[in-house]
Amino acid sequence: MNKINVLTGFIFAFFVATSVIADDVLDSDYLGLVSISQSLVKNVSAAVTTAAAAVGIIEPELTESDRREIECLARAMYFESHTEPVEGQLAVAHVIYNRLQSERYGNSICSVVHQRTSRTCQFSWYCSKGLKINRQIYARVEDLAERFYTEYESFSDMTRGALYFHADYVRTAWQGVQRTVKIGRHIFYRPQQKSKNK
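Chemist: Can you help me understand the side chain of Thr159 in this one?
Modeler: Within the secondary structure, Thr159 sits in the loop between helix 6 (135–150) and strand 3 (164–167). Looking at Thr159, the relative accessible area reads 0%, which means it is buried. Beyond its immediate stretch of four places on either side in the chain, Thr159 contacts Ala91, His94, Val95, Asn98, Thr180, Val181 and Phe188.

Chemist: Looking at this structure, how should I read the packing of helix 3 (residues 64–81) against helix 6?
Modeler: Packed helices, taken two at a time, are described by the angle their axes make and the gap between the axes. Between helix 3 and helix 6, the least distance of the axes is 8 Å, while the angle of their chain directions is 125°. When the interaxial angle is binned, helix 3 and helix 6 end up oblique. Note on packing geometry: the crossing formed by helix 3 with helix 6 is right-handed. Contact residues: Asp66, Arg67, Glu69, Ile70, Glu71, Leu73, Ala74, Arg75, Met77 and Tyr78 in helix 3; Ile137, Tyr138, Val141, Glu142, Leu144, Ala145, Glu146, Phe148 and Tyr149 in helix 6. In terms of residue class, the contact of helix 3 with helix 6 is made up of twelve nonpolar, no polar and seven charged.

Chemist: Any chance you could explain helix 3 here in plain terms?
Modeler: An α-helical turn contains 3.6 residues, so a residue and the one three or four places further along point in the same direction. Relative to the 26 Å expected for 18 residues at 1.5 Å per residue, helix 3 spans 25 Å between its end C-alpha atoms, a close match to the ideal helical length. Turning to helix 3, its buried residues are Asp66, Glu69, Ile70, Cys72, Leu73, Ala74, Ala76, Met77, Tyr78, Phe79, Glu80 and Ser81. Packed against the buried residues of helix 3 are helix 4 (86–102), helix 5 (109–113), helix 6, strand 3 and strand 5 (186–191).

Chemist: In this structure, what is going on with helix 4? I would like to understand it.
Modeler: A rise of 1.5 Å per residue sets the reference length of helix 4, with its 17 residues, at 24 Å; its end C-alpha atoms lie 24 Å apart and thus fit the reference within 8%. Across the 17 residues of helix 4, twelve count as buried, placing the element largely inside the fold. Turning to helix 4, its buried residues number three or more, namely Gly88, Gln89, Leu90, Ala91, Val92, Ala93, His94, Val95, Ile96, Tyr97, Asn98 and Arg99. On its buried face, helix 4 is in contact with helix 3, helix 5, helix 6, strand 3, strand 4 (177–183) and strand 5. Note on helix 4: the residue one or two positions beyond its end, Glu103, has a positive phi of about 65°.

Chemist: Is there a simple way to explain the state of the cysteines in this structure?
Modeler: Chemically, a disulfide is nothing more than a covalent bond linking the sulfur atoms of two cysteines. Tallied over the entire structure, the rule returns two disulfides. Shown here is the disulfide that connects Cys72 with Cys110, its sulfur atoms set 2.0 Å apart. In this structure, the disulfide formed by Cys72 and Cys110 twists by about 100° around the S-S bond and is classed as right-handed. Separated by 38 residues along the polypeptide, Cys72 in helix 3 and Cys110 in helix 5 bring together distant segments of the chain. Residue Cys72 is classed as buried on the basis of its relative accessible area of 10%. For Cys110, a relative accessible area of 15% puts it in the buried group. Shown here is the disulfide that connects Cys121 with Cys127, its sulfur atoms set 1.8 Å apart. Taking the torsion about the sulfur-sulfur bond, which here is approximately 80°, the covalent link between Cys121 and Cys127 counts as right-handed. Judged by relative accessible area, Cys121 falls into the buried class, the value being 7%. In the protein chain, numbering the disulfide-bonded cysteines from first to last in sequence yields the connectivity 1-2, 3-4.

Rules of the game
- Residues numbered from 1 in each chain as written.
- Predicted model: local features only at pLDDT ≥ 70, side-chain atom pairs only at ≥ 80, totals over all residues.
- Heavy atoms only, no water.
- Helix = DSSP H or I, 4+ residues; strand = E, 2+ residues; numbered from the N terminus.
- Buried < 20%, exposed > 50% of the residue type's maximum accessible area, 1.4 Å probe, protein only.
- Contact = heavy atoms within 4.5 Å.
- Axes fitted to C-alpha atoms, helices over the stretch in contact; angles between N-to-C directions.
- Parallel < 35°, antiparallel > 145°, perpendicular 65-115°, else oblique.
- Left-handed = near helix turned anticlockwise from the far one by under 90°.
- Nonpolar A, V, L, I, M, F, W, Y, C, P; charged D, E, K, R; others polar.
- Expected span 1.5 Å × (residues − 1).
- Disulfide = S-S within 2.5 Å.

Given below as structure tokens:
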């Protein structure tokens, strides 16, 4: 159903309801009519706002925790892939979410991004010092990170469940992983699937 039509329907229902109540209480005390009208406006307005958020016409309000998670996601996407096309940036976001869902790398986006193994950072940029940010580029990446965070289910995982990636100019000797896809300059991997045949 068209989102605008949904919202229009709620607004139309609001005007119908106010007309009915106005007819019913036309002969009543004026202050009573005002009180009823104010209550109706408040309740219907809240209902319309909730419905609009549900169908995506307006964005849901984000909490401080949401904002922190989005910032961690945006910084990881920026430092890992800001020179990549949008698909490459989203691929990095998917790796972070795949790690989060695996429950082996942290219980939040920030804990996944900031995870260390011994003295090694899972995302190398986090261990680097003096990194600079191009604010104009970062703003675009941050907008993409927020959209990914709030609309995650609408994005298909082009990495095919990847938990790891590296640039195509890097040579690795990773064991127990299988390549899934190459997006931009990054090659993505997921854990090697065990054979069902014994």
